[in-house]
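# Tertiary structure, described
Letter by letter, the chains look like this.
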Amino acid sequence: MNNGKLLILSLDGASWEGLKPFQEQGKLPIISSLVSSGMSGPLSSMLPTFTYPNWGSFWTGQNPGRHGIFAFKELRSRGRLHQLVGWNSLKLPTWPELAHSRGFKMVSVYAPLTYPPAKLNGLIVADQHMRNSRNFTHPARLAGELRSRFGRVCPPKSEQFFPPGGFRDSESMREFVQKQIQSVLQTGAIAEYLLKKPSWDICMVHFFATDPLQHALWHLMDSGHPAFSAEGHQEIAKFFEALDTAIGRLIEEVKPGMVTLFSVHGFTATRGILNLSRCLFDSLDRKPRGVFLDCKAIYVYNKIRENGAITDILIQALQSLKDPSSGSHVIRRAWLAKELYGFVSFPEWDVIVLEFNEGYTGRDGDLRAPLFKMCRPNRDYLIGTHTRKGLWLFCGKGVPARGGLQTGILDLPPTILNYLGVTVPEYMEGSPLPLFTSVMSGQKTE
Ligand SMILES: [Zn+2]
């Protein structure tokens, strides 16, 4: 590889705004030095503002209408859903597969959507997401090797380590932060262990703990939050310090030609959680056949005759919903995916993509529960919720120091392929970032 190894680090849910206080306190020396010597800025995510559709776009360079992942469930033909999305849900060649076909070897730890373990040239530790498989690596024997080296291997999990009923006291909050720190340290240690093995070119590490930490403790991240406490904030600072150290160790181990940091969404304080099941039931007066909730998307199987009008009714109902406490609209827009993205891989499904106003989110809920839920710091998990603003950074030889450049998730795959010297396929929708003047001339194939 001519340009040197590529180290790609994903910090789930990190944003420059969220990191800023810790940078100012001098807790993030590694990230700060990457920022001052590389190119960076905010990264806007695709709708819905959720990990899996955006990672589908990161892997394929296509929008969710094309790659077909809108949340947790995979759409199938004849009105069926597969419950969990994964590597096999991606219908187009991913950029690692294109790199693989050119002989590049990859080490990947916990990158979203890599289960079942992507059979790439290299060493893959898959994210498990609601599965508890013992076969989470490629090659398969690597799982046993990791267990004998690290003991219990804990792949990232939704709401990980959040105690049922919330934090009893500040000690249980500290315990939660410590467990997230352990998660970061183990992720980093597994990556370091794999990187000592010979001959690889691309290393991809997903640090997941930044997501549950911010969901549960956003009130301690944001000094403007009514439940902020300086003491709690110092606990959070320890977490980000540990993350920065883990990043520094990987850079030291790899000595990469290029380091990339990115996240596909950021965080803000939750204003309210919409009970989507209740909303669906109230708008339709019944629980219709062939209509499914999936986080921030709703699927309507349009081959069932009585479903003809349902999509329009739901869009109207969702867009008119108001927060009873403030009177403000909860959903900025309920999009029909084929209008938002110009295409949906399964035309027999109407996919409604929910764009929430900042601070609002939705969940499947009990039909008897209220339509809105307010969040209580230290009791509920969703004190922070996703925003569309993640972050990106490239730092390497020849990359000029420049901050504040806005880009989107679709620009990352062509930028990575360009760095590797692999031709960017025509189906990728984004454009390479101008890291070097020489790569700006990179051409797409027909
Ligand atoms: Zn999240």
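Please read all numbers here as calculations on a predicted model, not as lab measurements.

### Side note on the overall build of the protein chain
From N to C terminus, the protein chain includes 13 helices and 20 strands. Rg of the C-alpha trace for the protein chain: 22 Å, near the compact-globule value of 22 Å for 446 residues, within the 12% margin. With respect to the three principal axes, the spread of C-alpha positions in the protein chain is 60 × 55 × 45 Å. Expressed as a percentage of the 446 residues in the protein chain, the buried residues total 49%. Sequence separation of at least 24 residues holds for 69% of the intrachain contacts in the protein chain that already meet a minimum separation of 6.

### Section: the packing of helix 2 (residues 29-37) against helix 9 (residues 230-254)
One can describe the packing of helix 2 onto helix 9 by two numbers: an axis separation of 7 Å at closest approach and a directional angle of 65°. Together, Pro29, Ile30 and Ile31 of helix 2 and Asp244, Ile247, Gly248 and Ile251 of helix 9 make up the contact between the two elements. Residue classes in the contact of helix 2 with helix 9 are distributed as 5 nonpolar, 1 polar and 1 charged.

### Brief notes about the domain arrangement of the protein chain
On domain assignment, one finds that the protein chain holds domain 1 (6-269 + 384-441) and domain 2 (272-373). The straight-line distance from the C-alpha centre of domain 1 to that of domain 2 is 28 Å. Contact residues are listed per partner, giving 22 residues for domain 1 and 28 residues for domain 2. Among the elements of the structure, helix 4 (64-67), strand 10 (266-269) and strand 18 (384-387) are those that each provide at least two residues to the side of domain 1 that touches domain 2. Top element by residues in the side of domain 1 that touches domain 2 is helix 4. It accounts for 3 residues.

### Points about the nonpolar core
Counting residues in each nonpolar core, the largest one holds 131 residues, and the members touching the most others are Ile202, Cys203, Ala297, Val351 and Ile352. Two domains share this core, each providing at least three of its residues, namely domain 1 (6-269 + 384-441) and domain 2 (272-373). Setting aside its immediate chain neighbours within four residues, cysteine 203 contacts Lys5, Leu7, Ile8, Val107, Ala191, Leu195 and Val254.

### Comments concerning the sheet that holds strand 15 (residues 349-356)
One open sheet holds the 4 strands; their spatial order is 12-13-15-14, and the pairing between them is antiparallel. Where the open sheet ends on each side, the last strands, each with one partner, are strand 12 (291-294) and strand 14 (331-336). Across the sheet, the axes of successive neighbouring strands diverge by a mean angle of 20°, strand direction being ignored. Inspection of the sheet shows strand 12 paired to strand 13 (residues 297-301) by 4 bridges, in the antiparallel sense. Following the sheet pairing, aspartate 294 is matched in strand 13 by alanine 297. Lying over the sheet, helix 11 (residues 310-320) contacts strand 12, strand 13, strand 14 and strand 15, oriented at roughly 165° with respect to strand 14.

### Description of the environment of leucine 340
Along the chain, the position of leucine 340 falls in helix 12 (residues 337-341). Sequence-wise, leucine 340 and leucine 47 are 293 residues apart; in three dimensions their C-alpha atoms are separated by 9.0 Å. Those residues in contact with leucine 340 that lie beyond four places of it in its chain are Leu47, Trp335 and Val353.

### Considerations on unusual backbone geometry
Of the consecutive residues leucine 47 and proline 48, the connecting peptide bond is found in the cis state with omega at -10°. You can see proline 48 is positioned in the loop between strand 2 (39-44) and helix 3 (51-60). With an omega dihedral of -5°, the bond running from histidine 138 to proline 139 counts as a cis peptide bond. The residue proline 139 is located in the loop between strand 7 (137-138) and helix 6 (141-150) in this model. Unusually for a residue other than glycine, tyrosine 110 sits at a positive phi of about 65°. Mapped onto the secondary structure, tyrosine 110 falls in the loop between strand 5 (106-109) and strand 6 (122-125). Residue tyrosine 110 is classed as buried on the basis of its 27 C-beta neighbours within 10 Å.

### Some details on the sheet that holds strand 16 (residues 360-363)
Strand order in the open sheet formed by 3 strands is 16-11-17, and the pairing between neighbours is mixed. A single partner strand is all that each edge strand has here, and the edge strands are strand 16 and strand 17 (372-373).

Rules used in this analysis
- Along each chain, residues carry numbers from 1 onward, in the same order as the chain's sequence is written.
- Since the coordinates come from a predicted model, pLDDT governs what is reported: local features require at least 70, and pairs of side-chain atoms require 80 or more to be given and counted, while whole-chain, interface and lining totals use all residues.
- Put simply, DSSP marks the helices as runs of H or I at least four residues long and the strands as runs of E at least two long, and each gets a number from the N terminus on.
- In this description the radius of gyration comes from C-alpha coordinates, and the expected globular size is given by 2.2 Å times residues to the power 0.38.
- Whether a residue is buried, exposed or partly exposed is read from the other C-beta atoms within 10 Å of its own C-beta, which are placed from the backbone; 20 or more gives buried, 12 or fewer gives exposed, and intermediate counts give partly exposed.
- Residues are scored as being in contact if the C-beta atoms we place from backbone atoms lie within 7 Å.
- Axis geometry follows a simple rule: fit a line to the C-alpha atoms, using only the stretch in contact for helices, then measure angles between N-to-C directions, giving values from 0 to 180 degrees.
- Each residue gets one of three labels, nonpolar for Ala, Val, Leu, Ile, Met, Phe, Trp, Tyr, Cys and Pro, charged for Asp, Glu, Lys and Arg, and polar for the others, Gly among them.
- Domain segmentation is taken from an automatic or database assignment of domains.
- The term nonpolar core means buried Ala, Val, Leu, Ile, Met, Phe, Trp, Tyr and Cys residues held together as one set by C-beta atoms within 7 Å.
- In this description, strands pair whenever DSSP reports at least two bridges between them.

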